[in-house]
Amino acid sequence: MEKISRRSFVNKFGLGVGASVVMTSLPSFMTETESKQFSYTGKKLNIALCGLGNYASLLAEGLQVSEYCQLAGIVTGTPSKAETWKKKYNIPEKNIYNYENFDEIVKNKDIDLVYVVTPNALHKEFTVRAAKAGKHVIVEKPMAITPEDCEEMIKVCNDNNVQLAMGYRLHYEPNHLEIKRLGQEKVMGQVRYIETGLGYSTYDVRDINKPVDLNARNQWRLTKKWAGGGCLINLGIYCIQVSRYVLGEEPIAVTAQFGHVNNKNMFSQVEENITWQMEFPSGAVANCSSSCGFGIDRFYAAADEGFFEMSPAVSYGPFIGKRSDGKPFNFPVINQQQTQMDEISKVILANKKLPNHITGEEGIKDVRIINAIYKAAETGKKISLL
């Protein structure tokens, strides 16, 4: 997989208009050497990507090298994209849908799962429609904008006997599995303090007074209606996730502060910068930051007997880790999208229930915390999550 720096990430995904982005049991993963020793030859899960934005292209690349799943269909509201993807990935015409005729997918036995990669505000709609069509679902983070929407998504999937998974690629990433182990197994003692942040410089400061058309389709991340928020809901969710699974605890209270808005044209509806604090039952505290105005990508955990850290940490990597005791922190670079989709597909193909850490039950926890953080920032008060 291509190694993506912050600059190439911004350039590649057109983030000058707003940042794109982005466990209780250890999920398995294979090293590159191990994967070469085994080749799966059974049935593959047929996946349709719903929403063909920038991240869908990364998912498509991952599907080209996946062992347990394959790209079988697409759903898009842009006819030109449908034609381009059809030719590039040799997708049959019968497996191509638009947002209006999407419900006809119920008749298509060649699609097993729909991966929802639409703007945040459409996650619920297409999860519900896919589930009612009898298709399993993977939905990108955030699961939805409100906890109520998440609850409906979970209910509809359960009612239609399909599984709902979250697109949490870092749950299968080796470095993240290691920091989870270090934290939850208290390898260096109880973790007392976490500091983590994710941000990108998404605009040129020389263009700070340049007008921005917030009605343009590619500007949806800058609108409250379609994104639900700014850097917190799109990027800060990774900081929430890593804090939770390193500690193995759920936050009991949050405080938060909106940062300065430097680009008022871009960030007139959603936050450009935000900092927040999460308190956990053990007494541990996580201090987190997210930004669409400056670059940051780090994780640090201080424990009773030492520390461990990574930088880059919660983006696309490649991740670099360090332990205070000097022990090795070197893990293989994996294709994160391929690994995530293969691990989810293996479980579904085996007719087994997905582990909780990757289901909608996990996704709703993050959305509840995100909503509490926004309330804390808006009111200036500590918000209890109990």
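Sequence order sets the numbering: in each chain, residues are counted from 1 along the sequence as written. Local features in this predicted model are restricted to residues whose pLDDT is 70 or higher, and side-chain atom pairs enter the listing and the counts only when it is 80 or higher, whereas totals over whole chains, interfaces and linings include all residues. As a convention, hydrogens and water are excluded, and side-chain values are obtained from all of the structure's heavy atoms.

Whenever a carboxyl oxygen of Asp or Glu lies within 4 Å of a side-chain nitrogen of Lys or Arg, that contact is scored as a salt bridge. Considering all chains together, one arrives at 22 salt bridges under this definition. One salt bridge connects Glu93 with Lys86, and the closest N-O pair in it is separated by 2.8 Å. Residue class for Glu93 comes out exposed when judged on its relative accessible area of 51%. Three labels apply to residues, based on accessible area from a 1.4 Å probe with only protein chains included: buried if under 20% of the type maximum, exposed if over 50%, partly exposed otherwise in between. Note on Lys86: relative accessible area 26%, which makes it partly exposed. The shortest N-O distance in the salt bridge between Asp149 and Lys124 comes to 3.5 Å.

Take unusual backbone geometry next. Residue Lys141 is joined to Pro142 through a cis peptide bond whose omega torsion reads -10 degrees. Helix and strand definitions here come from DSSP, where helices need a minimum of 4 consecutive H or I residues and strands a minimum of 2 consecutive E residues; each element is numbered from the N-terminal end. The topology assignment puts Pro142 in the loop between strand S5 (136-139) and helix H6 (147-159). At Asn90, a residue that is not glycine, the phi angle is positive and equals roughly 55 degrees. The residue Asn90 is located in the loop between helix H4 (79-89) and strand S3 (96-97) in this model.

So, about the packing of aromatic side chains. The criterion for an aromatic pair is that two Phe, Tyr or Trp rings (for Trp, the six-membered ring) have centres within 6.5 Å, with stacked assigned to planes under 30 degrees apart, edge-to-face to planes over 60 apart and tilted to the rest. Summed over the entire model, instances satisfying the criterion amount to 10 aromatic pairs. Between Phe329 and Phe331, the aromatic rings sit 5.8 Å apart at their centres with planes inclined by 90 degrees, giving edge-to-face as the arrangement. Of the aromatic side chains, those joined through ring pairs into one cluster are Tyr99, Phe102 and Phe126. A ring is considered to have a charge above it if a Lys NZ or an Arg CZ atom is located within 6 Å of its centre and within 35 degrees of its normal. In this structure, Arg169 is placed above the aromatic ring of Tyr316, and the distance from its NZ or CZ to the ring centre is 4.1 Å.

Turning our attention to the sheet that holds strand S9 (residues 273-279). In space, the eight strands of this open sheet follow the order S13-S12-S11-S7-S10-S9-S8-S14, with mixed pairing throughout. With one partner strand each, in any of the chains shown, strand S13 (321-323) and strand S14 (383-384) form the two edges of the open sheet. Strand pairing requires that DSSP identify at least two bridges connecting the strands. Bridge count for strand S12 (residues 306-310) against S13 is three bridges, and the pairing is antiparallel. Paired with Phe308 across the two strands is Arg323, which belongs to S13. Contact criterion: two residues are considered in contact whenever any of their non-hydrogen atoms come within 4.5 Å of each other. To get an axis, a line is fitted to the C-alpha atoms, and for a helix only the part in contact is used. The angle between two axes follows their N-to-C directions and goes from 0 to 180 degrees. Packed on one face of the sheet, helix H9 (residues 231-247) meets strand S7 (191-199), S9, strand S10 (285-291), strand S11 (296-303) and S12 and runs near 155 degrees to S7.

Now for the UniProt feature "domain: Gfo/Idh/MocA-like oxidoreductase N-terminal" (unreviewed entry) in the chain. The sites that UniProt annotates as "domain: Gfo/Idh/MocA-like oxidoreductase N-terminal" (unreviewed entry) are residues 45-168. Helix makes up 36% of residues 45-168 and strand 21%, whereas the separation of the span's terminal C-alpha atoms amounts to 18 Å. UniProt positions are given in the numbering used here, feature names are shortened, and annotations may be inferred rather than shown by experiment.

UniProt's entry tags residues 177-292 with the feature "domain: GFO/IDH/MocA-like oxidoreductase" (unreviewed entry), counted in the numbering of this structure. For residues 177-292, helix accounts for 25% and strand for 25%, while the C-alpha atoms at its two ends are 27 Å apart.

Our focus in this paragraph is the sheet that holds S3. Strand order in the open sheet formed by six strands is S3-S2-S1-S4-S5-S6, and the pairing between neighbours is parallel. Where the open sheet ends on each side, the last strands, each with one partner, are S3 and strand S6 (164-166). Alignment of strand S1 (residues 45-50) against strand S2 (residues 69-75), held across six bridges, turns out to be parallel. Bridging across to S2, Leu45 finds its partner in Cys69. On the sheet, helix H10 (residues 336-349) packs against S1, S2, strand S4 (113-116), S5 and S6 and is oriented at approximately 130 degrees with respect to S1.

Within this scheme, the nonpolar core is defined by two criteria: the residues are buried Ala, Val, Leu, Ile, Met, Phe, Trp, Tyr or Cys, and they are joined through side-chain atoms within 4.5 Å. In this structure, Leu49, Tyr115, Met143 and Trp276 are the most contacted members of the largest nonpolar core, which totals 115 residues. The leading source of residues in this core is H9, at 12 residues. Domain boundaries shown here were taken from an automatic or database domain assignment. Counting contributing residues per domain, this core is built from domain 1 (45-168) and domain 2 (174-332 + 357-384), each supplying no fewer than three. Once you skip the residues sitting within four places of it in the chain, Met143 turns out to touch His123, Cys150, Met153, Ile154, Leu164, Met166, Gly360, Gly363, Ile364 and Val367.

On to the side chain of Asp342, then. Structurally, Asp342 can be placed in helix H10. It is Lys44 that comes nearest to the buried, bridge-free Asp342 among opposite-charge side chains, at 7.1 Å. Residue contacts for Asp342: discarding those within four places in its chain leaves Ser66, Glu67, Tyr68 and Cys69. Neither His nor the chain ends contribute to the count of charged residues, in which Lys and Arg are positive and Asp and Glu negative.

Before going further, it helps to spend a moment on H4. Structural remark: α-helix, 3.6 residues per turn; residues separated by three or four positions point the same way. Of the residues making up H4, those classed as buried are Ala82, Trp85 and Tyr89. Each buried residue of H4 sits inside an arc of 75 degrees when the element is viewed along its axis, so together they form one side. Opposite the packed face of H4, turned more than 90 degrees from it, sit the exposed residues Pro79, Lys87 and Lys88. Once H4 ends, the next one or two residues include Asn90, with phi positive near 55 degrees. The directions considered for the arc run from the helix axis to the C-beta atoms.

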